[in-house]
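Chain by chain, the residues run as shown.
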Amino acid sequence: MRINTLEDLKYIRETGLKKLKPKQKVRISVGMATCGISVGGDAVFEELKEKLKNREDIILTKTGCIGFCHVEPLVNVYIPGKGILIYHHVQPKDVEKIINNLDKAEQLDNVVCQIDKWDHITSDEIIYGEGFTNIPCWNELKFFKPQRKLVMRNSGIINPEDIDEYIAVGGYSALFKALKEMTPDEIIYEVKGSGLRGRGGAGFPTGIKWELAKKEKSDIKYLICNADEGDPGAYMNRNEMESDPHSVIEGMIIGGYAIGAQKGIIYIRAEYPLALYRLQKAIDGARHYGLLGKNILGSGFDFDITISKGAGAFVCGEETALIASIEGDIGRPRPRPPFPAQKGLWGKPTNINNVETWTNIPLIVKKGGDWFRGFGNEKSPGTKVFSLVGKVENVGLAEVELGTPIKTVVYNIGGGASSGKKVKAVQTGGPSGGCIPTKFFDLPIDYENLASVGSIMGSGGMVAMDENTCMVDTAKFFLDFTVDESCGKCVPCREGLKHMLFILENITKGNGKEEDIGTLEELSETVKTTSLCGLGQTAPNPVITTLKYFKDEYIEHINNKRCPALVCTALIEFEIDQKKCTGCSVCAKRCPTKAIEGILGKGETFKIDQNKCIKCGTCLEVCKFDAVIKTSKGVSNG
Amino acid sequence: MDNEYIHVFINGQKFKAKEGELVIDIARRNGIFIPTLCYEESLKPYGACRMCIVEIKNKGVKKKITTSCTLQAFDGLYVKTDSNEVLKHRRILLELYLAQAPNPEKIKELAQRYGVKKTRFKEKYKEKDPLNNSCILCGLCVRVCNEIMGAGVIGFIGRGEKTRINTPFFEKSDLCLGCKACAEVCPTGAIKFIDEGNFRIANSWSNTSVELKKCKMCGKYFAPSKLDEKIDSIYYYRDKNNELRDLCPDCRRKVITKRINLITENEVEKYAK
Amino acid sequence: MNKEQIEDIIRKYDNHEGRILGILEDIQEIYKYLPKESLEFVSEKLDIPLSKLYSIATFYSFFNLKPVGEHIITVCMGTACHVRGAKDILNNLMELLKIDVNETTEDGKFFLTTEDKHFSLNTARCFGCCSMAPVIRVDDKIYGYVTIKELPKILKTYGWKSK
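Residues numbered from 1 in each chain as written. Chains lettered and ligands numbered in written order. Predicted model: local features only at pLDDT ≥ 70, side-chain atom pairs only at ≥ 80, totals over all residues.

### Description of the overall build of chain A
Of the regular secondary structure elements, chain A holds 24 helices and 21 strands. Relative to the 2.2 N^0.38 estimate, which gives 26 Å for 638 residues, the radius of gyration of chain A is 27 Å and therefore close to what a compact globule would have. In terms of overall dimensions, chain A has C-alpha extents of about 80 × 65 × 40 Å along its principal axes. Looking at chain A residue by residue over its 638 residues, the buried ones come to 60%. (Helix = DSSP H or I, 4+ residues; strand = E, 2+ residues; numbered from the N terminus. Rg over C-alpha atoms; globule rule 2.2 N^0.38 Å. Buried ≥ 20, exposed ≤ 12 C-beta atoms within 10 Å, placed from the backbone.)

### A short note on the confidence of the model for chain C
Residues and elements named next belong to chain C. Overall, the predicted model of chain C reaches an average pLDDT of 88, with 94% of residues at or above 70. Mean pLDDT across the elements of chain C ranges from a minimum in helix α5 (residues 79-83), with 84, to a maximum in helix α4 (residues 50-59), with 96. This prediction of the complex comes with two scores: 0.92 for pTM and 0.91 for ipTM. (pLDDT = per-residue confidence, 0-100.)

### Section: helix α4 (residues 140-148) of chain B
Residue and element names in this part refer to chain B. Looking at α4, one finds that the buried residues are Leu 140, Cys 141, Val 142, Arg 143, Val 144 and Cys 145. In this fold, the buried residues of α4 make contact with β6 (155-157), β7 (164-166) and α5 (181-185). Backbone geometry just after α4 places Gly 150 at a positive phi near 65 degrees. (Contact = placed C-beta atoms within 7 Å.)

### A short note on the pairing of strand β3 (residues 75-79) of chain A
All names here are of chain A. For β3, the tally of buried residues reaches 5 of 5 residues, placing the bulk of the element in the interior. Alternating positions in β3 separate into two faces, Val 75, Val 77 and Ile 79 on one and Asn 76 and Tyr 78 on the other, with burial throughout. By the bridge criterion, 4 bridges tie strand β1 (residues 26-31) to β3 in an arrangement that is antiparallel. Bridge assignment links Ser 29 to a residue of β3, and that residue is Asn 76. Across 5 bridges, β3 lies against strand β4 (residues 83-87) in antiparallel orientation. Within β4, the residue paired with Ile 79 across the bridge is Gly 83. Between β3 and β4, which pair antiparallel in sequence order, lie 3 residues; one of them, Gly 81, sits at a positive phi of approximately 85 degrees. (Pairing = 2+ DSSP bridges.)

### Quick notes on the environment of A:Arg2
Residues and elements named next belong to chain A. Mapping Arg 2 onto the fold places it in the segment before α1 (6-20). Taking the number of C-beta atoms within 10 Å as the measure of exposure, Arg 2 has 14 and is therefore partly exposed. Spatially, the C-alpha atom of Arg 2 lies 6.9 Å from that of His 288, the residues being 286 residues apart in sequence. Each residue touching Arg 2, except ones within four places of it in the same chain, is listed here: Tyr 289 and Gly 290.

### Re the interface of chain A and chain B
Across the contact, 26 residues belong to chain A and 24 residues belong to chain B. Mapped by element, the contributors of at least two residues to the side of chain A that touches chain B are α17 (471-485), α18 (491-508) and α19 (516-530) of chain A. At 8 residues, α18(A) tops the list of elements feeding residues into the side of chain A that touches chain B.

### Observations concerning the interface of chain C and chain A
Between chain C and chain A, the contact holds 41 residues from the first and 47 residues from the second. Where the side of chain C that touches chain A is concerned, the elements lending two or more residues are α2 (19-31), α4, α5, α6 (86-97) and β5 (141-143) of chain C. Top contributing element to the side of chain C that touches chain A by residue count: α2(C), with 5 residues. Residue composition of the side of chain C that touches chain A, grouped by class: 20 nonpolar, 14 polar and 7 charged. (Nonpolar A, V, L, I, M, F, W, Y, C, P; charged D, E, K, R; others polar.)

### Quick look at helix α6 (residues 173-181) of chain A
Those residues of α6(A) not exposed but buried are A:Ser173, A:Ala174, A:Leu175, A:Phe176, A:Ala178 and A:Leu179. Turning to α6(A), the residues buried within the fold contact α1, α7 (184-194), α10 (245-259) and α13 (355-367) of chain A.

### What to know about the sheet that holds strand β3 (residues 119-124) of chain C
Residues and elements named next belong to chain C. Pairing within the open sheet is mixed, and its 5 strands lie in the order β2-β3-β1-β4-β5. Where the open sheet ends on each side, the last strands, each with one partner, are β2 (111-113) and β5. Strand after strand, the sheet turns through a mean of 20 degrees between neighbouring axes, direction not considered. Across 3 bridges, strand β4 (residues 136-138) lies against β5 in antiparallel orientation. The partner of Arg 137 across the bridge, within β5, is Ile 142. Contacts from α6 reach β1 (71-76), β3 and β4 within the one sheet, and its direction differs from that of β1 by about 155 degrees. (Axes fitted to C-alpha atoms, helices over the stretch in contact; angles between N-to-C directions.)

Rendered as structure tokens:
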């Protein structure tokens, strides 16, 4: 059927609510975003499917990821009248227990929290039930408490593969409002007023970008969703597409109407097959209801979306390279001007926004720019989803209001370091960002503040590093990345970064020279200033910030040939603590180069031949008695 | 509008220009030297070599370094082609070039001009490099082969610091016209062709070879047949029966001279009567 | 090479944004790599110089120009995986599979295949499974929280034998 009127929309809404909150039936939904699947969510789903074959009283569905990746696989169990229970670390063997104990579901030991009510924002608050009195509500958990879910308003609750459920929680009501009640200028006015800034990294005001694109006169205009999430350590866009794909589609249709574009393209990286599948399914669903295609909602506005797949090139996240890639060229950035807003795809005016920017649009249209300004701070309104990973206890997706201090994210949400060691820095903004030391952890997170300490907001990666992380190695890691991902067009980025990497490799091998630091600083400056595109202009940031805040580590490597974090292989040695060694010989068996010898059962005889050792760390990992120790010129983990 | 000029300031001097004109063109027209290794008027601006950086110094605008081959002029634009900062970066770029391709005259000349005596960076030397360790990946050859000649013989291979230029699969190409435009535009003289018997061989391009035409008078091989055909396909009105087409430039000149002399002799005879 | 199959793919992408990458990706889905003849065929059909297709195939890390092993193991080298020891996982896999580190393809990509063509090993920049770091992928299956200890176990399910 086609949706044309408010009544049509309401009808679908009711259908969706029956699926989301069935009156008589239990609904079990398995968290099946890529993260959930990779730790066994799919096996749990299959097991449930098998066991529920003859159970008419239970509906089984998939849902996305609520962000609490640390305790996945997650299973939501909705019991009419009582609410939703979330089970953590569910394995196929737990399935039987769950479905056979629905009457005392809250007593099972792997309940992590409950959802009594949920603010989907584009609809009125939905009450799922308030019957579980002894279980903590989701937002009472330390992980969720500081969070504010605007972007992730539906993630991990609705079935992302069912458009009806999206409509049930108020989906497409913003589109309805936009097309039926607002002019394009009014929409742009609200978006400008909201202060929303590009969530892809640079933070350019979205409303102003739209205004520029709208002003261009052209028979055809394009609109692109940049889903080429390439920053290593960042995966919020993947989740937004996998868990709530319609919010992206709805944002794009509204954007198309506002700037006068007829065609939208989602450029998605090839590494995200599930996101691609769900987006395609969402597009098909929207077309089916007449929300994409000709004469949308009977308004006379035509708009359609296609998906264009990337093929593994980080640089294609850069707007002009992305356009080149869609046109079927190698992804080499093109000089600007002309800017994409003037001459973009196929030479036509083109507006590009990041996935997360698009998901914010329905909210702003539905609730108004002023409402949106109520979140975040003056210069950076709204929220941002961060992928909090690395060496923190609670890894996952954390959506916080901009202006939240870094420490809240790392310690309250993240729960501090997982290793028992101290957190030493967080890295934000991926290869374009920098390492922020703990002394700045009081800093409220926003675009300007992160820039002021030499990092960037980027797309939202936040990687925690502890005392076991070597900062020289970290800088080397990012340069290795950018050297490999540089398109090779301009000299400073192609050649300059390569030489910076050479120097860092030398330092980590113990061949560093005192003048290396100065040379690195000079090269960084030139690469930053003279590179053609954003990749080169920001690639030195990890080096610049580690040099600035962790210079002592560089000096340790250069002068004392020592790696204090025991990471740089050339500067460390593995040894066997013969007091702890039991002589079990597991290490000797697993050593790939046969560098370990000793007499079985005699711990004191086991030794590592340093000439044969390739420092792969296998012995350390396989030893059950902590008898293998790492050392570096007097520093050791023993 | 076309007749209306704007004014830009380069190194303090005021110049007339058209709005949107590239600063590098304005500078060249007025005899101001800006170094470049990848710019060519007949091709689209590319912005790869970064040597033509200049400093924009307009009041109220943050000081900015940008390439003059992509910088479009506007009224009152104020640029410096050799500010201290520009020179500082240009020198480091030259150090990078010296590490990548130490031998080409053009690189040595620029290094000398900007007082760069040696490079601090590790020189890259590739064994059996078809481009003699002289390629700086400015892309001029690829662009001229594709954009101007429409031949598409060569392209970039790989990416990042591993980028190379050659024929697909490093195999002989049957698309090459033998026009040598690539070698002609190459700023570092990296591309080698040799004429051997009735073949022109592109040593740099996987030994791609094209057949040469034989002069009907002296028997010398002189121009690639395919190039001739290509020109025919573009200039369809060219007289296919003109016998001069089959002569080498030397013989062509001889024939034409002879014809002119003949005409002159006839004229003399006519007036003598 | 099946010409009709490739013609079908080309037809599917008629006047489509992202056409060329899409066509090459679909061809690779069939053969697991891009056979030279397929590129020549596409070049002829679309009237695009082969040099351009070769540029694309060597520029994007997703494409392979050589036949690959039966099972493809990809080690994620993203930031989260890096700080949680992805490099050790990779080194260990190379040891287990007896793959020579110094081998590279002519386009400079890291893509190594065992002598018996049973496994290919490469790296990826980030799967977006950072919360499960370190992560590896074997064919289409992603393994989270991988440890050196359990690598032989994973490999064995794909027919690996310890030598």
